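If you want the building blocks of each chain, they are given just below.
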Amino acid sequence: MKKKLTILFTTLVALVLEILPYGAVLNFANPEGESWRRTFSYFDLTPFGYANFSPFIVALLTCSLLVLTIVSMLTQKTLRKPIIAVSVIAAVLSFAPLLMGIKYYSVVGALISATLAIIAVISFIKSKKQ
């Protein structure tokens, strides 16, 4: 139960960080030479419209991870495999903006990636012990 609470708390931290308007990054061209850097919430569709797909998908996966964790806690069912799968996919996708370059990644995005990676590791370790 302690690990489920840890997963729940860490998922909530990731969700709060994703709601903040500092996670997803877009760089716009500027006629003066230096590009304009704008940050958005992971739930904002603006980055999705500019082909930065992963933040919105990660936000949806985090919401589904929260639902899976709550259902697992309330029903006492072991939803180990779905929780591991969703957390690993979300953690990997959270690093996708780095494929466009470091300027498309933010500190909040790194914290989101870290929390999702922690969830993946905890759920994987939990499954190995059972």
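Preceding block: the structure.
Being a predicted model, the structure only gives us computed values, none of them experimental.

### Side note on the packing of helix 1 (residues 2–19) against helix 3 (residues 54–75)
In step 1: The geometry of helix 1 relative to helix 3 is characterised by a closest axis approach of 10 Å and an angle of 155° between their N-to-C directions. As summarised for this structure, helix 1 and helix 3 are arranged roughly antiparallel, according to the angle between their axes. Our pair here, helix 1 against helix 3, has a crossing hand that is left-handed. Contact with helix 1, carried on its side by Lys 4, Leu 5, Ile 7, Leu 8, Thr 11, Leu 12, Ala 14, Leu 15 and Glu 18, involves Val 58, Ala 59, Thr 62, Cys 63, Leu 65, Leu 66, Thr 69, Ile 70, Ser 72 and Met 73 of helix 3 and no other residues of that element.
In step 2: When its residues are assigned to classes, the contact of helix 1 with helix 3 shows 13 nonpolar, 4 polar and 2 charged.

### A closer look at the packing of helix 3 against helix 4 (residues 80–94)
In step 1: Close contact between helix 3 and helix 4 brings their axes to 9 Å; oriented N to C, the two are set at 160°. Regarding the angle of helix 3 to helix 4, the classification is roughly antiparallel. By crossing handedness, the relation of helix 3 to helix 4 is classed as left-handed. Only Pro 82, Ile 83, Val 86, Ser 87, Ile 89, Ala 90, Leu 93 and Ser 94 of helix 4 make contact with helix 3, whose side of the interface consists of Ser 54, Ile 57, Val 58, Leu 61, Ser 64, Leu 65, Leu 68, Thr 69 and Ser 72.
In step 2: In the contact of helix 3 with helix 4, the residues fall into 11 nonpolar, 6 polar and no charged.

### Some details on the nonpolar core
In step 1: If you look at the biggest cluster of nonpolar residues, it comprises 22 residues, and the most contacted ones within it are Tyr 42, Ile 112 and Leu 116.
In step 2: Leaving out residues up to four positions away in the same chain, Tyr 42 has contacts with Glu 18, Gly 23, Ala 24, Pro 55, Phe 56, Val 58, Ala 59, Gly 109 and Ile 112.

### A look at the side chain of Ser 94
In step 1: Looking at where Ser 94 falls in the secondary structure, it is placed in helix 4.
In step 2: Its relative accessible area of 1% is what places Ser 94 among the buried residues.
In step 3: Polar side-chain contacts of Ser 94 include one of 2.9 Å to the side chain of Ser 113.

What counts as what
Residues numbered from 1 in each chain as written. Predicted model: local features only at pLDDT ≥ 70, side-chain atom pairs only at ≥ 80, totals over all residues. Heavy atoms only, no water. Axes fitted to C-alpha atoms, helices over the stretch in contact; angles between N-to-C directions. Helix = DSSP H or I, 4+ residues; strand = E, 2+ residues; numbered from the N terminus. Parallel < 35°, antiparallel > 145°, perpendicular 65-115°, else oblique. Left-handed = near helix turned anticlockwise from the far one by under 90°. Contact = heavy atoms within 4.5 Å. Nonpolar A, V, L, I, M, F, W, Y, C, P; charged D, E, K, R; others polar. Core = buried A, V, L, I, M, F, W, Y, C linked by side-chain atoms within 4.5 Å. Buried < 20%, exposed > 50% of the residue type's maximum accessible area, 1.4 Å probe, protein only. Polar contact = N/O pair within 3.5 Å; in protein donor to acceptor, adjacent residues only side chain to side chain.

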